[in-house]
Number of protein chains: 2
Amino acid sequence: MLVDKTVRDLLTAFSSSDPTPGGGSASALASSIGASLLMMVAGLPKTRTNADEERAALEKAALVLNGLRRELTDAIDADTAAYDQVVAAFKLPKATPQEQEARKAAIQRALRTATDVPLGVVRLSMQALAQAAIVAAHGNPSAASDVGVAKALLAAGADGARMNVEINLDGVKDDAYREAVRAELSALAGVA
Amino acid sequence: MLVDKTVRDLLTAFSSSDPTPGGGSASALASSIGASLLMMVAGLPKTRTNADEERAALEKAALVLNGLRRELTDAIDADTAAYDQVVAAFKLPKATPQEQEARKAAIQRALRTATDVPLGVVRLSMQALAQAAIVAAHGNPSAASDVGVAKALLAAGADGARMNVEINLDGVKDDAYREAVRAELSALAGVA
């Protein structure tokens, strides 16, 4: 799995001319780092005012961020697996009408998964950005730059994932699905 | 070293309430991923028009990006080491005037390094963004989303590093150094 590689080896994998891992996994990783930094700030011994309610709000944010971070981290490998499935589907035999039909269906299934995974990353990144506001309001002000970096990475992860949704969605033939995904993307953009 | 950890372990390290690794190393990592993705697109077998001059331009970009990527990757650990030095300097003894003087000097040296490292990341990220324009113009259009993700990550890495420059620069007492760094930051922002 990509997340079990060393950072050095993962960077080498991103830079190789093999199609995966690519921008989708990179976006999920960027958002995972952003969510992790917010967890760090939420867990610092000092808070802005050291009031009990503030500590409770940060503990709650840390729990939410921990779940988001876990799902974002899973998406690093899921995005690469989904793209590999698209490539595999395009390579299926197409000599007979039956094969052509099966290949077309496999491509459509794979493209949907390759759309759903980055759509999930957009969603999770926006949820983490909502927690960033809580962490910024109550966290130790000396960690303000860590919160700022986290927000920049989550925004970049969301933007990157959105580009991956759009490029894969273009190949999906189901109009209702396409419209639903576009509508959700617009709604999520409004949250930012 | 951080870059020898697995991705999973590095994310855990970012999320722990220990002060390092923090936003500075995260910014360097984001830009390293961005530069790596651009190398991938520059190395794809197909280019936009498959013309020889285009292939040559992309090969040159890949060489430049490889150097930038190497330096950005070094900065992941250098930023954490620099911040650890700042923390260590603040913990030096301050019982006698001599100790106070030595501590003050150590803090100033450490803060300069902790400013120079993220300033380098801003510089390298902007240089990589300049290569992104070449890769976008000549690279395989099917990898357009990878270029888009790379640009988003490099911009986020540059923004994050800039925040780290500013926070550490605030503690530096040398006016000439402060002005020089602020002038370079403005000049680099103009490049974007």
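Before reading further, recall that the structure is shown in the block above.
Analysis parameters
Residues numbered from 1 in each chain as written. Chains lettered and ligands numbered in written order. Predicted model: local features only at pLDDT ≥ 70, side-chain atom pairs only at ≥ 80, totals over all residues. Heavy atoms only, no water. Least-squares fit on C-alpha atoms with pLDDT ≥ 70 in both. Contact = heavy atoms within 4.5 Å. Helix = DSSP H or I, 4+ residues; strand = E, 2+ residues; numbered from the N terminus. Buried < 20%, exposed > 50% of the residue type's maximum accessible area, 1.4 Å probe, protein only. 1 Å grid on protein atoms, 1.4 Å probe; cavity = no way out; pocket = protein on both sides within 12 Å on 5 of 7 lines; lining within 4 Å. Points joined across faces, edges and corners; volume = space filled by probe spheres on them. Salt bridge = Lys/Arg side-chain N within 4 Å of Asp/Glu carboxyl O. Buried area = accessible area lost by both parts, 1.4 Å probe. Polar contact = N/O pair within 3.5 Å; in protein donor to acceptor, adjacent residues only side chain to side chain. Nonpolar A, V, L, I, M, F, W, Y, C, P; charged D, E, K, R; others polar. Axes fitted to C-alpha atoms, helices over the stretch in contact; angles between N-to-C directions. Parallel < 35°, antiparallel > 145°, perpendicular 65-115°, else oblique. Left-handed = near helix turned anticlockwise from the far one by under 90°.

Undergrad: Help me understand the relation of the copies chain B and chain A in this model?
TA: The pair of chain copies shares a relation made of a rotation about an axis and a shift along it. Note on the copies: chain B fits chain A at an RMSD of 0.0 Å, the axial shift is 0.0 Å, and the rotation between them is 180°. This pairing of chains is accounted for by a two-fold axis. Identified as the residue of chain B closest to the rotation axis by C-alpha distance is Thr6 of chain B, at 2.0 Å. Most of the interface of chain B is mirrored in chain A, where 100% of its interface residues again form contacts.

Undergrad: What am I meant to see in the environment of Val149 of chain A here?
TA: All names here are of chain A. In this fold, Val149 is placed in helix H5 (residues 144-169). Of the residues examined, Val149 reaches a relative accessible area of 0% and is grouped as buried. For the pair formed by Val149 and Gln98, sequence separation is 51 residues and the distance between their alpha carbons is 52 Å.

Undergrad: Looking at this structure, I do not really get empty space enclosed by the protein. What am I missing?
TA: Gaps left between atoms show up when a probe the size of a water molecule is rolled over them. For the coordinates displayed, the defined rule picks out one cavity of 30 Å³ or more. Reported here for the largest cavity is a volume of approximately 60 Å³. Residue lining of the largest cavity: Val7, Leu10, Leu11, Leu29 and Ile33 of chain A together with Val7, Leu10, Leu11, Leu29 and Ile33 of chain B, and that is the complete set. For the lining of the largest cavity, the elements supplying multiple residues, two or more each, are helix H1 (7-15) and helix H2 (23-42) of chain A together with helix H1 (7-15) and helix H2 (23-42) of chain B.

Undergrad: It is not clear to me how the pattern of salt bridges should be interpreted in this structure. Could you clarify?
TA: Pairing is possible between side chains that carry opposite charge, provided their charged atoms lie close to one another. Per the stated rule, a full pass over the model turns up 10 salt bridges over all chains. The partner of Asp4 of chain B in a salt bridge is Arg8 of chain A, with the nearest N and O atoms 3.2 Å apart. Linking Asp4 of chain B in the segment before H1 with Arg8 of chain A in helix H1, this pair reaches from one chain into another. With relative accessibility at 41%, the residue Asp4 of chain B sits in the partly exposed group. Given the relative accessible area of 36%, Arg8 of chain A is considered partly exposed. In this structure, Asp175 of chain A engages Arg178 of chain A in a salt bridge whose closest nitrogen and oxygen atoms are separated by 3.1 Å. With Asp175 of chain A and Arg178 of chain A both in helix H6 (residues 175-191) and three residues apart, the pair spans about one turn of that helix. For Asp175 of chain A, a relative accessible area of 46% puts it in the partly exposed group.

Undergrad: Please explain the interface of chain B and chain A as it appears in this structure.
TA: It is common to give the size of an interface as the accessible area that goes away when the parts come together. Residue-level contacts link 46 residues of chain B with 46 residues of chain A. Interface area, chain B with chain A, both sides summed: about 3,500 Å², of which 71% is carbon and sulfur. Considering only the side of chain B, the residues that lose the most area to chain A are Val7, Arg8 and Leu11 of chain B, jointly responsible for 17% of the buried surface there. Summed over the shared surface of chain B and chain A, the result is 14 residue pairs in polar contact (both at pLDDT 80 or more). Listing elements by their share of the side of chain B that touches chain A, those giving two or more residues are H1, H2, helix H3 (52-90) and helix H5 (144-169) of chain B. Residue classes in the side of chain B that touches chain A are distributed as 23 nonpolar, 17 polar and six charged.

Undergrad: Mind showing me how you'd approach the packing of H2 of chain A against H5 of chain B here?
TA: When two helices pack together, their arrangement is given by the angle between the helix axes and the distance between those axes. The interhelical angle for the contact between H2 of chain A and H5 of chain B, taken along N-to-C directions, is 25°, at an axis separation of 9 Å. When the axes of H2 of chain A and H5 of chain B are compared, the pair comes out roughly parallel. As H2 of chain A runs across H5 of chain B, the sense of the crossing is left-handed. Contact residues: Gly23, Ala26, Ser27 and Ala30 of chain A in H2 of chain A; Asp146, Val149 and Leu153 of chain B in H5 of chain B. Of the residues assigned to the contact of H2 of chain A with H5 of chain B, the class counts are four nonpolar, two polar and one charged.

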